[in-house]
Amino acid sequence: MNTDITIALPKGRLADKTINALEKCGIDCGPLKEDTRKLVLTDRSKQFKFVFVKPSDVPTYIERGAADIGIAGKDTLLEMGADVYEVADLGFGKCKMCVAGFEKRPEKVTGGNLRVATKYENIAKQYYESKGINVDIIKLNGSVELGPIVGLSDVIVDIVESGKTLKANGLAVLEEICDLTARLIVNKISLKLKAQTICPLIKKITEVIGK
């Protein structure tokens, strides 16, 4: 029997909650809990195939049709602008996208345009454009909190969960951009061609997370 639906699962903090939700929908997730380095697994019925990917890659797998359905953080969707259907807010993985910096030194510490260090270039650009503020966006892949501390930037744009890392480094949230949660996304063609399987699955997942 051929696998019907391929599900892209994000590695890391969203994985366990996603697997728990799928189990409540009646999907056999036993193979996902085994100690293995395999990146592609199937349930025992062979109806579902699971691929474990980096969270930021999930929208790409869905958009390109390598997977039919997947779970991605709203931050990733906003940053990438992938051409997929966002069909449900799963409610977990809650955090915020924020502007952070020195609370007692909100004035610019550098000359010219406001300098913003971030991993999320598109989100930062769109946010400041909506405010009519010219910014110099500095792309960082590591600890963006270092930006203001060493004078590389005036502020940062980043995900904030507890705020403990900011506080430990003398920084604070200055502005909240938006709330973020995990979202269920679907390939547009898959939703049409595999509607008999995908639509009931979406309904089940929505019912589960609503409890």
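The notes below deal with the structure included here. Residue numbering note: each chain is counted from 1, following its sequence as written. Residues qualify for local features only when their pLDDT is at least 70, as the model is predicted, and side-chain atom pairs are given and counted only at 80 or more; totals for whole chains, interfaces and linings, by contrast, use all residues. Hydrogen atoms and water are omitted, and side-chain values are computed over all heavy atoms in the structure.

### Overview of the overall build of the chain
For the record, the criterion: A run of DSSP states H or I qualifies as a helix once it reaches four residues; a run of E qualifies as a strand once it reaches two. Both are numbered from the N-terminal end. For each residue, the accessible area found with a 1.4 Å probe, counting protein chains only, is set against the maximum for its type, and the residue is called buried under 20%, exposed over 50%, and partly exposed in between. Here, two residues are considered to be in contact whenever any of their heavy atoms come within 4.5 Å of each other. Throughout, the Shrake-Rupley method with a 1.4 Å probe supplies accessible areas, and for residues the shown protein chains are the sole cover considered. Only four residue types enter the charge count, namely Lys and Arg as positive and Asp and Glu as negative; His and the chain termini do not. All charge positions are set by atom: Lys at NZ, Arg at CZ, Asp at CG, Glu at CD.
In terms of regular secondary structure, the chain is built from eight helices and eleven strands. Each of the three principal axes of the chain carries a C-alpha extent, and together these read 65 × 35 × 30 Å. Scored against the burial criterion, the 211 residues of the chain give a buried share of 43%. Sequence-distant contacts in the chain: of pairs separated by 6 or more residues, those separated by 24 or more amount to 67%. Total accessible area computed for the chain in this model is approximately 11500 Å², and 47% of it derives from carbon and sulfur atoms. A gap of 3 Å separates the mean positions of the 32 positive and 28 negative side-chain charges of the chain.

### Examining the sheet that holds strand S2 (residues 40-42)
Put simply, the rule is: For two strands to pair, DSSP has to find at least two bridges joining them. Lines fitted to C-alpha atoms define the axes here, with helix axes fitted over just the stretch in contact, and angles between the N-to-C directions of these axes take values from 0 to 180 degrees.
The strand order across the open sheet formed by six strands is S2-S3-S1-S4-S11-S5, and the pairing between neighbours is mixed. The outermost strands of the open sheet, each flanked by one partner alone, are S2 and strand S5 (85-89). When strand polarity is set aside, the average angle formed by the axes of neighbouring strands in this sheet is 30 degrees. The pairing of S5 with strand S11 (residues 182-186) spans four bridges and is classified as antiparallel. Paired with Ala88 across the strands is Leu184, a residue of S11.

### Some remarks on the pattern of salt bridges
Rules: Salt bridge criterion: a side-chain nitrogen from Lys or Arg within 4 Å of a carboxyl oxygen from Asp or Glu.
Counted under the stated rule, the structure contains ten salt bridges. Residue Glu86 is joined to Lys74 by a salt bridge in which the shortest nitrogen-to-oxygen separation is 3.0 Å. Here the residue Glu86 occupies a position in strand S5, and Lys74 occupies one in helix H3 (residues 74-80), the gap between them amounting to twelve residues. Looking at Lys74, the relative accessible area reads 18%, which means it is buried. Salt-bridge contacts for Lys131 lead to Glu175; the nearest nitrogen and oxygen are separated by 3.4 Å. Of the two residues, Lys131 sits in the loop between helix H4 (121-130) and strand S8 (135-139) while Glu175 sits in strand S10 (residues 172-180), which places them 44 residues apart along the sequence. Take Lys131: its relative accessible area is 39%, and that puts it in the partly exposed class.

### Thoughts on H4
So the rule is basically this: What the arc measures is the spread of directions leading from the helix axis to the C-beta atoms.
Of the positions making up H4, those classed as buried are Ile123, Ala124, Tyr127 and Tyr128. Axial view of H4: buried residues confined to an arc of 120 degrees, hence all on one face. Among the exposed residues of H4, those pointing more than 90 degrees away from its buried face are Glu129 and Ser130. The secondary structure elements touched by the buried residues of H4 are H3, strand S6 (95-101), strand S7 (114-118), S8, strand S9 (155-160) and S10. Looking one or two residues past H4, Gly132 carries a phi angle of roughly 70 degrees, positive in sign.

### Some thoughts on the nonpolar core
We count it as follows: Take the buried Ala, Val, Leu, Ile, Met, Phe, Trp, Tyr and Cys residues and link them wherever side-chain atoms come within 4.5 Å; each set so joined is a nonpolar core.
Judged by nonpolar contacts, the single largest core of 27 residues is most densely connected at Leu9, Leu32, Phe50, Ile69 and Leu184. Among the elements of the structure, strand S1 (5-10), helix H1 (15-24), strand S3 (48-53), strand S4 (69-73), S11 and helix H8 (195-209) are those that each provide at least two residues to this core. Examining the composition of this core, we find that five residues originate from one element, H8, more than from any other. The next biggest cluster of nonpolar side chains, apart from the first, holds 13 residues, and it includes Val116, Val155, Val157 and Leu180.

### Comments concerning a nonpolar patch on the surface
What counts here: Think of a patch as exposed residues, more than 30% relative accessible area, with no salt bridge, where like charges cluster within 9 Å and nonpolar side chains (Val, Leu, Ile, Met, Phe, Trp, Tyr) cluster within 5 Å.
On the surface, a nonpolar cluster with roughly 340 Å² of combined accessible area is contributed by Leu146, Ile149, Val150 and Leu152. Along the polypeptide, Leu152 turns up in the loop between helix H5 (146-150) and S9.

### A word on the sheet that holds S6
Strand order in this open sheet of five strands is S8-S7-S9-S6-S10, and the pairing throughout is mixed. Edge positions in the sheet fall to S8 and S10, since each of these pairs with one other strand and no more. Here the average twist between neighbouring strands, direction ignored, is 25 degrees. Direction of pairing for S6 relative to S9: antiparallel, over a ladder of five bridges. The partner of Ala100 across the bridge, within S9, is Ile156.

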